[in-house]
Amino acid sequence: MSVVFQTGNEPVVSRRDYWQHVVHDLLAPLELRLPEGDFRSRVAVTEAGSAQIFDLTTTRGQALLTPRLIRHSDAGLCKIDVLVRGHLVVEQEGRQALLRPGDFVLVDLSRPCRWINDTAAASVALSFPAGSCRSRTCARSPAWSCPATRAPRR
């Protein structure tokens, strides 16, 4: 069963604080840079053993995972983001991944990272303990992305 959180149920004046709280409690202690005024975001989260699955829709903005935030709250998680709609840039340790629909990226949430979307975007994400990877490569490959297979343009 999924639990849904959405900004549309909150007064416009408190949406930023509400969304910051939701993201911090569900995903990671991210610093959000959101547009002023009426923005809308939604996340449905489902528990799957030690992993969590997120169905996220958000307006434009940025999310930063800083060294200070990691020192205060490092859960030792990795996350795979699969972009469904829009465009997303993910930056981690000097690497940058530009995601289009169908692309995905692996992020180590124990290292600084930045997510940037200039327009509304939708994604599905899976967060899981870094130690659950059989390969050491999983937790040590920041901002590694894989483009979706695309048919040649005609």
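Note that this is a predicted model, so its numbers are computed, not measured. (Residues numbered from 1 in each chain as written. Predicted model: local features only at pLDDT ≥ 70, side-chain atom pairs only at ≥ 80, totals over all residues. Heavy atoms only, no water.)

Novice: Account for the side chain of Asp81, naming residues and giving values.
Specialist: Among the structural elements, Asp81 can be located in strand β6 (residues 77–85). What makes Asp81 buried here is its relative accessible area of 3%. A distance of 2.5 Å separates a polar atom in the side chain of Asp81 from a polar atom in the side chain of Lys79. At a separation of 3.0 Å, a polar atom in the side chain of Asp81 contacts the side chain of Trp115. Here Asp81 is in contact with Leu99, Asp103, Phe104, Val105, Val107, Trp115, Val124 and Ala125, once residues within four sequence places are set aside. (Helix = DSSP H or I, 4+ residues; strand = E, 2+ residues; numbered from the N terminus. Buried < 20%, exposed > 50% of the residue type's maximum accessible area, 1.4 Å probe, protein only. Polar contact = N/O pair within 3.5 Å; in protein donor to acceptor, adjacent residues only side chain to side chain. Contact = heavy atoms within 4.5 Å.)

Novice: Residue-level account of helix α1 (residues 15–26), with values.
Specialist: One turn of an α-helix holds 3.6 residues; hence residues three or four places apart share an orientation. Over its twelve residues, α1 runs 16 Å from end to end, which matches the ideal 16 Å to within 8%, given 1.5 Å per residue. Burial in α1 covers these residues: Arg15, Trp19, Val22, Val23 and Leu26. The buried residues of α1 occupy one face: seen down the axis, they fall within an arc of 95°. For α1, exposure combined with an orientation more than 90 degrees from the buried face picks out Asp17 and Asp25. Buried residues in α1 make contact with β1 (2–6), β2 (31–33), β3 (42–48) and β4 (51–58). (Expected span 1.5 Å × (residues − 1). Arc of directions from axis to C-beta.)

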